[in-house]
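Overview (structure and organization)
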Amino acid sequence: MIDVRPATVFEDVRSVIGPKKPTSTVCFCLSYRIPSKLNNSLRGPERSEYVETLCKEKPAPGVLAYDGDTPVGWAAIAPRAATSFARNRKIPHVDDLPVWSLWCIRVRPGHRGQGISHALIAGAVDFARTNDAPVVEAYPLDSGDTKVDLTMAYAGLRKNFEQAGFTKSADTTSTLAGHPRILMRLDLR
């Protein structure tokens, strides 16, 4: 059984979304969370230290899916105002509600095809609800039946969000791996 919990244990976060090389300047799911200049300046250990600090903050930077004690998946979720989606010109704001953004879903290799992404979406929604979010937004790929490169599927797929009760709220001008992204929302009020 998959259990989804707030991402408060840094080593578990690192095992799912940390880069393979400790000196790397990518991943840890920071590109939408922090300003570009800061993201580009964090290198190697600084990047890890930054994320370790995030794991100690309230609310946590997202949720982790566990199979027993093994972390097998990650979902990034935070108030949109605290992310680059607050200023993103390609993804519209539908209204002025203090929505939360759910922008990254990652399932570790060897654990895919077991419904973990569905558990992560549900767990992220519960996490947002617990933190008084009125609405959760996501910006998944609208790829239809077309296969999506797994390295670019982090935004999620429309069908998975529809299964979780999200509805399309707007088109965007954002694309990822050649697929359009749409704005989907789930009202928690």
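The following paragraphs examine the structure supplied in this document. (Residues numbered from 1 in each chain as written. Predicted model: local features only at pLDDT ≥ 70, side-chain atom pairs only at ≥ 80, totals over all residues. Heavy atoms only, no water.)

Moving on to the pattern of salt bridges. Pairing of side chains with opposite charge becomes possible as their charged atoms draw close. This structure, assessed with the given rule, holds 10 salt bridges. One salt bridge connects Glu137 with Arg80, and the closest N-O pair in it is separated by 3.3 Å. On the criterion of sequence distance, the pair formed by Glu137 in strand β5 (residues 135–138) and Arg80 in the loop between β3 (70–79) and β4 (100–107) is long-range, its members being 57 residues apart. Both residues of the pair, Glu137 and Arg80, count as buried. As a salt-bridge pair, Lys168 and Asp171 come within 2.6 Å of each other at their nearest N and O atoms. (Salt bridge = Lys/Arg side-chain N within 4 Å of Asp/Glu carboxyl O. Helix = DSSP H or I, 4+ residues; strand = E, 2+ residues; numbered from the N terminus. Buried < 20%, exposed > 50% of the residue type's maximum accessible area, 1.4 Å probe, protein only.)

Right, let's talk about the packing of aromatic side chains for a bit. Scanning the model with the defined rule gives six aromatic pairs in all. When the ring of Phe10 is compared with that of Phe28, the centres are 5.9 Å apart and the planes differ by 25°; the resulting orientation is stacked. Note that Phe10 is positioned in helix α1 (residues 10–17) and Phe28 in the loop between α1 and α2 (36–41), a separation of 18 residues in sequence. When its relative accessible area of 7% is taken as the criterion, Phe10 is described as buried. Ring centres 6.0 Å apart and planes at 75° place the aromatic pair Trp100 and Phe127 in the edge-to-face group. Taken as a pair, Trp100 in strand β4 and Phe127 in helix α4 (residues 116–130) lie far apart in primary sequence, 27 residues in all. What makes Phe127 buried here is its relative accessible area of 8%. Ring pairs connect the aromatic residues Tyr32, Phe85, Trp103 and Tyr139, which therefore count as one cluster. A cation sits over an aromatic face here: Arg5 above Tyr66, 3.8 Å from the ring centre. (Phe/Tyr/Trp six-rings, centres within 6.5 Å; stacked < 30°, edge-to-face > 60°. Lys NZ or Arg CZ within 6 Å of the ring centre and 35° of its normal.)

Any functional reading would require information that these geometric values do not contain.
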